[in-house]
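Listed here are the chains, written in short residue letters.
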Amino acid sequence: MTDIVKKLLNKMTVEEKIGQLIQVTGDFFKGSESTITGPLSENGRLKDEVKYMIGSVLGTSGSSEVKKIQQDYLAHSSLKIPLLFMADVIHGYKTIFPIPLGIAATFNPKMMKIASQVAASESAAAGLHVTFAPMVDLVRDPRWGRVMESTGEDPYLNEVMAREAVKGFQGNLPIDDSHIAATVKHFAGYGAAEAGREYNTVDMSEWQFRENYLGAYQSAIEAQAKLVMTSFNTMFGVPATGNKYLMKDILRQELEFNGVLISDWDAINELINHGTATDLQAATNLALNAGVDIDMMSFAYITLLEHVDELSKNVLKLIDESASRVLQLKKELGLFQNPYKGLNPEKENDKDIKLAHEKNALEVAEESIVMVKNNSSILPLSFDQRVFLTGPVADTGDLLGSWSWKGDVLQTKSLLFKMKKSFKNISFSEGINYHDRHIKDWDKISQQVSDADVIIVALGQPSSESGEATSMMEPTLPIGQIEYLKKLRQFNKPIVAIVVTGRPLILTQVNELVDAMLISFFPGTKGATALTNILTGKSEPTGRLPMTFPRNNGQIPIYYNSYTTGRPIEFGLQNNETKYVTKYIDGSNDPLYNFGDGLGYADISISESVIQENVLSMSEQIKVSVILQNKSNRSGQTVLQGYIHQKIGETVHPTKALKWFKKIEVPAKNSRKIMMSIPVNELASVHQDLSTSIDLGEYEIMVGLNSTDLVSHNLTIE
Ligand code: NOJ
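Residues numbered from 1 in each chain as written. Predicted model: local features only at pLDDT ≥ 70, side-chain atom pairs only at ≥ 80, totals over all residues. Heavy atoms only, no water.

Would you mind showing me how to read the side chain of Lys185 here?
By the element assignment, Lys185 lies in strand β7 (residues 181–187). Owing to a relative accessible area of 2%, Lys185 belongs among the buried residues under this scheme. At a separation of 3.2 Å, a polar atom in the side chain of Lys185 contacts the side chain of Asp88. Reaching out from Lys185, the side chain makes a polar contact with the backbone oxygen of Phe132 at a distance of 2.8 Å. Setting aside its immediate chain neighbours within four residues, Lys185 contacts Asp88, Ile90, Phe132, Pro134, Met135, Val136, Asp137, Arg146, Glu149, Tyr217 and Met229. (Helix = DSSP H or I, 4+ residues; strand = E, 2+ residues; numbered from the N terminus. Buried < 20%, exposed > 50% of the residue type's maximum accessible area, 1.4 Å probe, protein only. Polar contact = N/O pair within 3.5 Å; in protein donor to acceptor, adjacent residues only side chain to side chain. Contact = heavy atoms within 4.5 Å.)

Looking at this structure, I do not really get the domain arrangement of the chain. What am I missing?
Interface size is often expressed as the accessible area that is lost when the parts come together. Examined at the domain level, the chain breaks down into domain 1 (1–87 + 263–337), domain 2 (369–553) and domain 3 (602–717). The centre of domain 2, based on its C-alpha atoms, is set 34 Å off from the matching centre of domain 3. The interface is formed by seven residues belonging to domain 2 together with 10 residues belonging to domain 3. When domain 2 packs against domain 3, close to 570 Å² is buried across both sides, 32% of that on carbon and sulfur atoms. (Domains from an automatic or database assignment. Buried area = accessible area lost by both parts, 1.4 Å probe.)

Teacher, can you tell me more about the layout of surface pockets here?
Its volume calculated, the largest pocket comes out at about 950 Å³. Looking at the largest pocket, it is lined by 28 residues, and the ones nearest its centre are Tyr559, Ser562, Tyr563, Asn589 and Asp590. Tallied by class, the residues present in the lining of the largest pocket amount to 11 nonpolar, 12 polar and five charged. Surrounding the second largest pocket, 33 residues form its lining, Glu159, Arg210, Glu211, Lys659 and Ala684 being those nearest its centre. Sorting the residues of the lining of the second largest pocket by element identifies α8 (155–170), α9 (206–222), β22 (636–646), β23 (657–666) and β25 (685–686) as the ones contributing at least two each. For the lining of the second largest pocket, the element with the most residues is α9, which contributes eight residues. When grouped by side-chain class, the residues that make up the lining of the second largest pocket number 13 nonpolar, 11 polar and nine charged. (1 Å grid on protein atoms, 1.4 Å probe; cavity = no way out; pocket = protein on both sides within 12 Å on 5 of 7 lines; lining within 4 Å. Points joined across faces, edges and corners; volume = space filled by probe spheres on them. Nonpolar A, V, L, I, M, F, W, Y, C, P; charged D, E, K, R; others polar.)

Looking at this structure, how should I read helix α13 (residues 313–332)?
Helical geometry: 3.6 residues make up each α-helical turn, so side chains three or four residues apart lie on a common side. Compared with an ideal rise of 1.5 Å per residue, which puts 20 residues at 28 Å, α13 spans 28 Å between its outermost C-alpha atoms and is within 8% of the ideal. Looking at α13, one finds that the buried residues are Val315, Leu318, Ile319, Ser322, Ala323, Ser324, Arg325, Val326, Leu327, Gln328, Leu329 and Lys330. Of the residues trailing α13, Gly334 is marked for its positive phi of about 80 degrees. (Expected span 1.5 Å × (residues − 1).)

Would you mind going over helix α16 (residues 415–422) with me for this structure?
Of the residues making up α16, those classed as buried are Leu415, Leu416, Lys418 and Met419. Across the axial projection of α16, the buried residues extend over an arc of 165 degrees, all falling on one side. Away from its buried face, by an angle of more than 90 degrees, α16 presents the exposed residues Lys420 and Lys421. Buried-residue contacts for α16 involve β14 (386–390), β15 (425–429), β16 (454–460), β17 (495–501) and α20 (527–536). (Arc of directions from axis to C-beta.)

Help me understand the sheet that holds strand β28 (residues 710–717), please; the structure alone is not making it clear to me.
Adjacent strands of a sheet pair through backbone hydrogen bonds, lying either parallel or antiparallel. Read from one edge of the open sheet, five strands run β20-β28-β27-β22-β23, paired in mixed fashion. In this open sheet, the two edge strands, each paired with only one partner strand, are β20 (615–616) and β23. (Pairing = 2+ DSSP bridges.)

Whenever I open this one, the pattern of salt bridges confuses me. Can you help?
Oppositely charged side chains are able to pair whenever their charged atoms sit close together. What the rule picks out here adds up to 22 salt bridges. Glu321 is paired through a salt bridge with Lys317; the nearest N and O atoms lie 3.5 Å apart. A residue pair is termed a helical-turn pair when its members lie 3 or 4 positions apart in one helix, as Glu321 and Lys317 do in helix α13 at four residues. Residue class for Glu321 comes out partly exposed when judged on its relative accessible area of 28%. For Lys317, a relative accessible area of 47% corresponds to the partly exposed category. When salt bridges with common partners are traced through the structure, they connect Asp88, Arg146, Glu149, Lys185 and Glu468 into a single cluster. (Salt bridge = Lys/Arg side-chain N within 4 Å of Asp/Glu carboxyl O.)

Sorry, what's going on with the site of the ligand here?
Near the ligand the following residues occur: Leu58, Asp88, Phe132, Arg146, Lys185, His186, Met229, Phe232, Asp264, Trp265, Met296 and Glu468. Residue Asp88 places a side-chain N or O atom 2.5 Å away from an oxygen atom belonging to the ligand. The contact in question runs from an oxygen atom of the ligand to an N or O atom on the side chain of Arg146, over 2.6 Å. The fraction of the free accessible surface of the ligand (300 Å²) that becomes covered by protein chains is 92%. By residue class, the composition of the shell around the ligand is six nonpolar, one polar and five charged. (Near = heavy atom within 4 Å. Areas by Shrake-Rupley, 256 points an atom, 1.4 Å probe, with all protein chains shown as cover.)

Pasting the structure below:
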């Protein structure tokens, strides 16, 4: 605790300390809302003496709005401790970047840093101090709508992206005027909601948790994220928000997190629904004992104010600890020196800054697009090819994705708008909207198709169908879109599909019906330009899938880093025995597209891969030198990927696990030598006693341009 925090704490009444632990929406300060009842309210509003003790506000931003609220607050509160302003700035504030799943698809950590930096700088100018991001929950189930907000299914990719997001949001410490504090969420395991159903139970072994899920939170905390948010779900049988083992033993002690722990929205109150607390008071006790510092909108901690004189010594101590952490954050943000820190109306509305940010958004969007099919190299298209553009996503600005509350869909340019500038001869009919089965203007469309050289059909989901509370039983495109595609196929013209989505979709039928396909996870403000640049070949598609795309609904959950089982499918093939192996009787085990998949226009391949030393000790680096060769006439980029597999161990190990990746440019008709270098301690795994260590013995090191066609090298750790 710093001196200023100590001094303040000594001056504060218990009520004032409790106030620091309460967070409400900005509406309570605008005087418009009447959502609270009980002894602390007056005509549905918070009583002034409570209101002017509150510690933080969520969901309100904009320099003038924030200034007004802060000024009023400081004028009325006795200790004049500035309010903290927090909000969900997930993939951009006004300038919207691709959704986090799309940023993950760039396989380029720099892109995550840039997106987070820009988001932070716009938010800071708008008066925000804290974002509720990054969400680093590992997800293996595309039925869960919040998969859009994640960086996918791989622990290593998640760890890398989590770290970059924190660095991007916070910048160098102490946090300056163009950065904001990051909140790692949701601790823990929210992405593993059973059957992908929102807010559902999470039940996994602690071994599994430590093997795959914990790493990304840890990486964000090591990058010095200032806050952590609890998750709605249970973990080891206890709701996270009241889970002392999770929050005190793992988060605080083991991960040494000493920042602010904030509850998710209403999550303390929900301990009652979970059935672990009888009433709000009991819920408050559980959360306080778990070390939850801020109560976001549960109106649980506020009940402490009703019986301050009866609070036990333990509760008073917990209140002191939590209040000091909140004050410490305010201090570290520099709010005691300047309560209006970062807030800057000129910067907020500066046109040049906006243009620069849009340039960043375009760069990230381009890198996020994944080409999964390109038969006969039909892409890229040339300027004079006659194009027929159609489909529900062709003429819409709904490209921003969920969590873009300050992004402007109406101002967002559509594909049609952008493509008109890039193709000499383009015709358009929507044909079908997202959910309709009725095809509009079929006669006209028939003519347009006959007159065209290529059909571009833009399919997908509206952004309202991914994000919080959008679980889907069947993550697939609506039937009308598939039927429309089938009708277009009858013309025997080449078809390019663009699929805009917030989650992996089952695209098995689409894949059969089209010649080429681009997958774009909601690409943001500059999405249409990015897609057009890829279509015309102005930019190379360099995105790779951060999640496996299932072939069939019944395969879910499906992920690349699975275990072999005692009866792997190959075992059946080798022994002429196909029945008693791990498989379905009605379809393949293989997904439609694998994690790490993605094609480019340039013809780049690995021409040589040599491991430098194949016997190493614990402290060394695994080094593989790889030569990438580009046989084509265009320069291009690819993503070199390095995977490991531990052959024998006390517990099982994934058939492969990503441990290294890099986006690499290879000039036309040229080659490049790359040294892949993985520290041996990346081989560490979790043992039966839950300890993490490296086993001596045999490993396989694999390199490739995706996760399936890999060159393998043996390695021994002594
Ligand atoms: C609920 C969401 O789970 C969380 O991620 C978000 O930060 C809060 N609402 C506040 O909007």
